[in-house]
Amino acid sequence: MSTCDLVILGADYDGQLVDLFVGDGEIIELVPAGKNTPPQGAETLDAKGHLLLPSLTDVHTHLREPGFEYKEDIESGLAAAAKGGFGNIMCMANTTPVNDNATVTELMLEKAHMAHPFGPRLFPVGALTKGLKAEELAPMAELSRTGCVAVSNDGLPVLSTELFRRAMEYASDWGLTVIDHCEDPFMGAAAGMNEGRTSSLLGIPAQPDVAEAIQVARDILLAEYLDLPIHLAHISCKKSVDVIRFAKERGVKVTAETCPHYLTLTEKAVVGYDTNAKVNPPLRTEEDVTAMLEALDTGVIDMLATDHAPHAAHEKEVEFDLAPCGISGLDTALSVTWELVTAGKMSRATFLRAWTVAPCTTFDLPLNTFAKGDPADFFLFDPEEAWVVGPDTMQSRGKNTPLTGRTLSGRVTAHFLAGEKIV
Ligand code: DOR
């Protein structure tokens, strides 16, 4: 039995005032405030005015180390994650060198442990193909043994359906789920802008939503044929949602994520040629935003992910066509999505499923539901604290967000992982 060493007093948990008892890194009990007396010697923390929430899990980040430390490194990325409410982070393989071998995976894990010994926990996603070149399969046994929790060619879609099928089969031998960046590589060549009236008015080369949905359909048909799981990354549009709904009704083992920017922004954010709104897949239309919110609510889209993609200012401060795709998201994701809860556009239950239960059960990561014995991974959140998004308020090295200058509500004031204070 755990010895209580930490008590959080008087936090707001779904409208109830509660005390949380923690011991040996685990949840002991969550009880109505004042019901039990904190034991002698236990540290206490007054949480009045704060919401108590379980740590979030992000299944899709780009931490840029090794190779692009000027954009972000593991230390700065995990610092942003900690302050952003994230306890578990899955990081993509598009580093240099690519994470397609044990040496790179080990380096990532060691750097994370050295920089943040108590977390956030880093879970690398290995490359699906060597060098992400979509020509030869990566050594998945080695990646799995070293600590990769999934494999993906994120950022660089796989053209060959035959290679992709073999990758799914091989990955399953090692218990790895394939995460796919769904994009027809030819149709999707002009990344970063949605094809439609706005792109025509701006004169920007653009990609249609079907470039994504076609690949979603391919993946789903393969998953059904092989009877293997597939996870679809950063789904952005209604057409994809319709295909995923159809697949789920047929019992295909498909899970899908979307990102805060696809729930809150449209292609109109690009008007003015804002390169910070250039992201792949691109921001879509109002109709798509509505469909994404509904799909998340009904569970057609299982989970949220940031697709945190930090870039340096000098890379974004160029002509729209030349700028790299990506939005820095770890700092803003919690506030942006909690604002949706406050506005009645997302239920609290959906928020918790999408940021905690669904990602953790899909990828077998530590999950806190505040049940006895769960890891004591939680944070205190002041929903009223207003903050202005900008270089000084973001922990990430990547300041590239179309939300710059926007006032957001809600900040993490304390964050604990396995009972250890990380913020
Ligand atoms: O916008 C994006 N940026 N989408 C991706 O798939 C990759 C990412 C990056 O690595 O910058």
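See above for the structure.
Being a predicted model, the structure only gives us computed values, none of them experimental.

Colleague: How would you explain the site of the ligand if you had to name every residue and give the values?
Modeller: Within the structure, the ligand sits among 14 residues, and Arg-64, Asn-94, His-181, Asn-280 and His-311 are positioned closest to it. At a separation of 2.8 Å, an oxygen atom of the ligand approaches a polar side-chain atom of Arg-64. Between the ligand and His-311 there is a distance of 3.1 Å, counted from an oxygen atom to a side-chain nitrogen or oxygen. Protein chains shield 92% of the accessible area of the ligand, which is 290 Å² for the free molecule.

Colleague: Tell me about the nonpolar core, and please be specific about residues and values.
Modeller: Counting residues in hydrophobic clusters, the biggest one holds 68 residues, and the most contacted among them are Leu-122, Met-168, Leu-232, Ile-235, Ile-244, Ile-301 and Phe-351. Each residue touching Leu-232, except ones within four places of it in the same chain, is listed here: Asp-180, Cys-182, Val-216, Asp-219, Ile-220, Ile-244, Val-254, Thr-255, Ala-256 and Glu-257. Judged by nonpolar contacts, the second largest core, of 19 residues, contains Cys-259, Val-270, Ile-327 and Met-394.

Colleague: Outline the environment of Gly-10, supporting the account with residue identities and numerical values.
Modeller: Structurally, the position occupied by Gly-10 is in strand E1 (residues 6-13). Counting along the chain gives 332 residues from Gly-10 to Thr-342, while the straight-line C-alpha distance between them is 21 Å.

Colleague: Describe in detail a negative patch on the surface, supporting the description with residues and values.
Modeller: On the surface, Asp-5, Asp-24, Glu-26, Glu-43 and Glu-420 cluster together into a negatively charged patch. Positionally, Glu-26 belongs in strand E3 (residues 26-32). The exposure class of Glu-26 is partly exposed, given its relative accessible area of 32%.

Colleague: Outline helix H12 (residues 348-363), supporting the account with residue identities and numerical values.
Modeller: Since one α-helical turn is 3.6 residues long, residues separated by three or four positions face the same way. For H12, with 16 residues, the first-to-last C-alpha span of 22 Å sits near the 22 Å given by 1.5 Å per residue. Maximum bend of H12: about 45°, positioned at Ala-354. Those residues of H12 lying buried are Arg-348, Thr-350, Phe-351, Leu-352, Ala-354, Trp-355, Thr-356, Ala-358, Pro-359, Cys-360 and Phe-363. Downstream of H12 by one or two residues, Asp-364 has phi in the positive range, about 55°.

What counts, and at which threshold
- Residues numbered from 1 in each chain as written.
- Predicted model: local features only at pLDDT ≥ 70, side-chain atom pairs only at ≥ 80, totals over all residues.
- Heavy atoms only, no water.
- Near = heavy atom within 4 Å.
- Polar contact = N/O pair within 3.5 Å; in protein donor to acceptor, adjacent residues only side chain to side chain.
- Areas by Shrake-Rupley, 256 points an atom, 1.4 Å probe, with all protein chains shown as cover.
- Core = buried A, V, L, I, M, F, W, Y, C linked by side-chain atoms within 4.5 Å.
- Buried < 20%, exposed > 50% of the residue type's maximum accessible area, 1.4 Å probe, protein only.
- Contact = heavy atoms within 4.5 Å.
- Helix = DSSP H or I, 4+ residues; strand = E, 2+ residues; numbered from the N terminus.
- Patch = residues over 30% accessible without salt bridge, like charges linked within 9 Å, V, L, I, M, F, W, Y side chains within 5 Å.
- Salt bridge = Lys/Arg side-chain N within 4 Å of Asp/Glu carboxyl O.
- Lys, Arg positive; Asp, Glu negative; His and termini not counted.
- Charge placed at Lys NZ, Arg CZ, Asp CG, Glu CD.
- Expected span 1.5 Å × (residues − 1).
- Bend = angle between axes of the 7 residues up to and from the residue.

Keep in mind these values describe shape, not function.
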